[in-house]
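Architecture and fold: a report
The primary structure of each chain is shown beneath.
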Amino acid sequence: MGKCEQCIIKQFNSLKSLTKDELVRISNCKTSYTIKKGTVIFEEGDAVNGVYCVKDGICKLSKLSENGKDQIVKMVVKGQLLGQRSLISDENSNLQATALNDMEVCFIPKSEIIMDLQKNPKFSFDVLKDMAHDLREADDIIVNMAQKSVRQRLAEALIYIHDSFGVNPDGTLSVLLSREDFANIVGTATESAIRVLSQFKKEGLISTIGKQIKIESLDGLKRIE
């Protein structure tokens, strides 16, 4: 089990603001997990009794709408924390977290994080900054849903995945999402997402290798209106 004070991952999240003594204390009480692709880490409405530090892998945060459709609101990646909002608000989770690929995470108990929030102002400020960033992203999602077409939203989703997660050696997107996942990211029916992806393929903007997607023209996707 790795030691928190020696872990490079902490440089990518608010844990970097903890002192060495605080990191040693957390390291002694954290639990490391391997989470398999497709596993639900926590459900909407669950009590999240700590935070997960993502050492490797990607998970999606989604919310079930009244009509039974999932809306993916965020993807949490290597270096980020999962569950901090529920912990700070002392409320049950408003979202469901599901692993999109095999993940390595460290679980830090709620009591340890609360102690550091109360005693370390810099840590508290960095956690607030992370939450403010999430709120800004949520604002952008609301505006995009209201003002942009499905073509625009799907093009932006492809660009985001390409820029954030990179590509495999064959040029395909490194994150494999189902067509339903794409639909849930942009807020449309699965059939609409499939139709738009087919249009992109005919227009030479993307190609497919099995279920994998390869972007052939980033500039073309960026020009979609």
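Treat the numbers as computed from the prediction; the structure is a model and nothing was measured.

Before going further, it helps to examine the UniProt feature "domain: HTH crp-type" (unreviewed entry) in the chain. According to UniProt, the positions carrying the feature "domain: HTH crp-type" (unreviewed entry) are residues 148-219. Counting secondary structure, residues 148-219 comes out at 54% helix and 11% strand; the distance between its end C-alpha atoms is 18 Å.

With that settled, the discussion passes to helix H7 (residues 190-202). Taking 1.5 Å of rise per residue, 13 residues should cover 18 Å, and H7 covers 19 Å from first to last C-alpha, within 8% of that figure. Within H7, burial applies to Ser192, Ala193, Val196, Leu197 and Phe200. Buried positions in H7, seen along its axis, are confined to an arc of 130° and lie on one side of it. Among the exposed residues of H7, those oriented more than 90 degrees off its buried face are Glu191 and Lys202. Considering only its buried residues, H7 is in contact with helix H5 (150-165), helix H6 (179-186), strand E9 (206-209), strand E10 (212-215) and helix H8 (218-222).

Turning our attention to the pairing of strand E4 (residues 59-64). Pairing analysis gives 6 bridges linking E4 to strand E5 (residues 70-76), with the strands arranged antiparallel. Counted as the bridge partner of lysine 63 is glutamine 71 from E5. Hairpin connection of E4 to E5: 5 residues between the antiparallel strands, including glycine 68 at a positive phi of 85°.

Its place among the elements puts asparagine 120 in the loop between helix H3 (110-119) and helix H4 (121-147). Classification of asparagine 120 as buried rests on a relative accessible area of 8%. Of the polar contacts made by the side chain of asparagine 120, one reaches the backbone oxygen of serine 17; its length is 3.1 Å.

Below, the discussion takes up the pattern of salt bridges. All told, the structure shown has 12 salt bridges when counted by the stated rule. The residue lysine 110 makes a salt bridge to aspartate 90 at a minimum N-O spacing of 2.7 Å. Residue lysine 110 is found in helix H3, and its partner aspartate 90 is found in the loop between helix H2 (84-89) and strand E7 (96-99); the two are separated by 20 residues along the sequence. On the accessibility criterion, lysine 110 (25% relative accessible area) is partly exposed. Classification of aspartate 90 as exposed rests on a relative accessible area of 57%. For lysine 129, the salt bridge identified is with aspartate 126, shortest N-O distance 3.9 Å. Taken together, the positions of lysine 129 and aspartate 126, both in helix H4 and 3 residues apart, correspond to about one turn of that helix.

Rules behind the numbers
Residues numbered from 1 in each chain as written. Predicted model: local features only at pLDDT ≥ 70, side-chain atom pairs only at ≥ 80, totals over all residues. Heavy atoms only, no water. UniProt positions renumbered as here; feature names shortened; annotations may be inferred. Helix = DSSP H or I, 4+ residues; strand = E, 2+ residues; numbered from the N terminus. Expected span 1.5 Å × (residues − 1). Buried < 20%, exposed > 50% of the residue type's maximum accessible area, 1.4 Å probe, protein only. Arc of directions from axis to C-beta. Contact = heavy atoms within 4.5 Å. Pairing = 2+ DSSP bridges. Polar contact = N/O pair within 3.5 Å; in protein donor to acceptor, adjacent residues only side chain to side chain. Salt bridge = Lys/Arg side-chain N within 4 Å of Asp/Glu carboxyl O.

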